[in-house]
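Geometric and topological summary
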Amino acid sequence: MSITDLNRVRPSEANGLAPVLLTVEEAARCLRIGRTTCFALIRSGELESLLIGGLRRVPADAPAAFLARRRAERQAA
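Nothing here was measured: the structure is a model prediction, and the numbers come from that model.

Right, let's talk about the pairing of strand 3 (residues 55-59) for a bit. Across three bridges, the pairing between strand 1 (residues 21-23) and strand 3 is antiparallel. Of the residues in strand 3, the one forming a bridge with Leu21 is Pro59. In this structure, strand 2 (residues 50-52) lies alongside strand 3, joined through three bridges in antiparallel fashion. Its bridge partner lying in strand 3, Ile52 is registered against Leu55. The turn linking strand 2 back onto strand 3 is made up of two residues, and Gly53 within it adopts a positive phi angle of 65°.

In structure tokens form, the structure reads like this:
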């Protein structure tokens, strides 16, 4: 983690609590993809997301579930 990342640590992360929801940008970073690609996966239904008020959020376990499905599809082919 760089110094810049340390400056952006959220209070819940500083307390050792894992976030339950991720922003689209955080989900994209988890998947090592761009924000636009992440939104495309959300639009297509491949990546689960929720709309809370006017904010789009991705459940913290959704990126791993997406990868698990992709890997299963690849192995089945």
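Turning our eyes to something else, we now look at the sheet that holds strand 3. Spatially, three strands are ordered 1-3-2 in an open sheet, and the strand pairing comes out antiparallel. Of all the strands in the sheet, the pair left with one neighbour each is strand 1 and strand 2. Taking each pair of neighbouring strands and ignoring which way they run, the sheet shows an average axis angle of 50°.

Here we come to the nonpolar core. Looking at soluble globular proteins, one finds that nonpolar side chains tend to be buried together. Among the nonpolar cores identified, the biggest contains 12 residues, and these are Leu22, Val24, Ala27, Ala28, Leu31, Cys38, Leu41, Ile42, Leu47, Val58, Ala62 and Phe66. Broken down by secondary-structure element, the contributors of at least two residues to this core are helix 3 (24-31), helix 4 (35-44) and helix 5 (62-76). At four residues, the largest contribution of residues to this core is made by helix 3.

Here Ala64 shows up in helix 5. On a C-alpha basis, the gap between Ala64 and Leu31 in space is 8.5 Å, while along the polypeptide they are 33 residues apart.

Look at helix 5: 21 Å from first C-alpha to last across 15 residues, which is about the 21 Å you get at 1.5 Å a residue. In this fold, the buried residues of helix 5 make contact with strand 1, helix 3, helix 4 and strand 3.

To continue, consider unusual backbone geometry. The phi dihedral of Arg32 is positive, around 60°, even though this residue is not glycine. Residue position: Arg32 is located in the loop between helix 3 and helix 4.

Turning our attention to the confidence of the model for the protein chain. Caution applies to low-pLDDT parts of the model: their predicted coordinates are not meant to be read in detail. The predicted model of the protein chain has a mean per-residue pLDDT of 88, with 82% of residues at 70 or higher. Note that residues 1-7 has pLDDT below 50 and, in this model, two contacts with residues that lie over four places away or in other chains.

This brings us to the pattern of salt bridges. Oppositely charged side chains can form a pair if their charged atoms are brought close together. Throughout the structure, instances matching the rule amount to two salt bridges. The salt bridge involving Glu25 is made with Arg35; its shortest N-O contact spans 2.7 Å. Remark: Arg35 occurs in helix 4 and Glu25 occurs in helix 3; sequence separation between them is 10 residues. Residue class for Glu25 comes out partly exposed when judged on its relative accessible area of 35%.

Criteria and thresholds
- Residues numbered from 1 in each chain as written.
- Predicted model: local features only at pLDDT ≥ 70, side-chain atom pairs only at ≥ 80, totals over all residues.
- Heavy atoms only, no water.
- Pairing = 2+ DSSP bridges.
- Helix = DSSP H or I, 4+ residues; strand = E, 2+ residues; numbered from the N terminus.
- Axes fitted to C-alpha atoms, helices over the stretch in contact; angles between N-to-C directions.
- Core = buried A, V, L, I, M, F, W, Y, C linked by side-chain atoms within 4.5 Å.
- Buried < 20%, exposed > 50% of the residue type's maximum accessible area, 1.4 Å probe, protein only.
- Expected span 1.5 Å × (residues − 1).
- Contact = heavy atoms within 4.5 Å.
- pLDDT = per-residue confidence, 0-100.
- Salt bridge = Lys/Arg side-chain N within 4 Å of Asp/Glu carboxyl O.

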